[in-house]
Amino acid sequence: MKKFLFPLEKLRMFRQSSLDQKLIELENALAEARALEERHAALTREERQATTAVRSLSVVPVQELLALESFRHWTEKELQKLQRDARQLEEKIQQRREAVVAAQIEVESLTTLRERRLDAWRSEVDRETEATVAELVVARWGRKDS
């Protein structure tokens, strides 16, 4: 019996490597989103700490109030920028997820086809083996009768 060969194996392997690449891209985008969330939390925390520090002073100099107000405006703009970036990144993540799902479907379809062909090949091998065994049994009986 000839060895099992799947003519689309190279294509399946290519699609698998493409899927792996898309998964890496998705992971990178998710890591980027986590970094944005951490930056957002850090800015919020810094603003809160600055406000608390100024409020804890018994006498608040005007320069401290101006600096705090300036910092709050800057923080607000940065938070808005981070939110815009997060929305854009969420769209990017969604596109990457869709690409991963499509790539998974492509790989699974070829894997399923490969498995079906392997099952058919195994069935053929079993039939040939049974036929060979039957021929040997018949040949052996034929020699005993002589």
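Check the entry above for the structure.
Residues numbered from 1 in each chain as written. Predicted model: local features only at pLDDT ≥ 70, side-chain atom pairs only at ≥ 80, totals over all residues. Heavy atoms only, no water.

A few points about the overall build of the chain
To be explicit about the condition: Per the convention used, a helix needs a DSSP run of H or I reaching at least four residues, while a strand needs a run of E reaching at least two, with both numbered from the N terminus. For a compact globule the rule gives 2.2 Å times the number of residues to the power 0.38, and the radius of gyration it is set against comes from C-alpha atoms. Burial classes follow relative accessibility: with a 1.4 Å probe on protein chains only, a residue under 20% of its type's maximum area counts as buried, one over 50% as exposed, and anything between as partly exposed. Between two residues, a contact is recorded if the distance between any of their heavy atoms is within 4.5 Å. Per-residue accessibility takes into account occlusion by the displayed protein chains alone, with areas from the Shrake-Rupley method and a 1.4 Å probe. Counting rule for charge: Lys and Arg are taken as positive, Asp and Glu as negative, and neither His nor the chain ends is counted. Each charge is placed at NZ for Lys, CZ for Arg, CG for Asp and CD for Glu.
Each helix and strand in the chain was counted, giving two helices and zero strands. Taking 2.2 N^0.38 as the reference for a compact globule, 146 residues should give roughly 15 Å; the C-alpha atoms of the chain span a radius of gyration of 34 Å, well beyond that estimate. In terms of overall dimensions, the chain has C-alpha extents of about 120 × 25 × 15 Å along its principal axes. Put simply, the chain has 146 residues, and 17% of those count as buried. Summarising the internal contacts of the chain: among those between residues at least 6 apart in sequence, 85% fall at separations of at least 24. For the chain, the accessible surface area stands at approximately 11300 Å², while carbon and sulfur atoms represent 54% of it. Between the centroid of the 27 positive side chains of the chain and the centroid of its 27 negative side chains there is a distance of 3 Å.

Quick look at the nonpolar core
The test is simple: Here, nonpolar core refers to any group of buried Ala, Val, Leu, Ile, Met, Phe, Trp, Tyr and Cys residues whose side-chain atoms link them within 4.5 Å.
Counting 13 residues, the largest nonpolar core has Leu19, Leu82, Leu89 and Ile93 as its most contacted members. Looking at this core, the elements that each hand over two or more residues are α1 (9-55) and α2 (62-145). Per-element accounting of this core gives the leading share, seven residues, to α2. Look past the residues within four positions of Ile93 in its chain and what remains in contact with it is Leu26, Ala29, Leu30 and Ala33.

Focus on the pattern of salt bridges
So the rule is basically this: Put simply, a salt bridge is a Lys or Arg side-chain nitrogen that is within 4 Å of an Asp or Glu carboxyl oxygen.
Going through the model one piece at a time under the given rule, you end up with eight salt bridges. Two residues, Arg96 and Glu25, come together in a salt bridge whose shortest N-O distance is 3.9 Å. Of this pair, Arg96 sits in helix α2 while Glu25 sits in helix α1; the two residues are 71 residues apart in sequence, bridging distant segments of the chain. The shortest N-O distance in the salt bridge between Glu124 and Arg127 comes to 2.9 Å. Here Glu124 pairs with Arg127, and both are found in helix α2, just three residues apart, close to one helical turn. Through salt bridges that share partners, Glu9, Arg12 and Arg114 make up one connected network.

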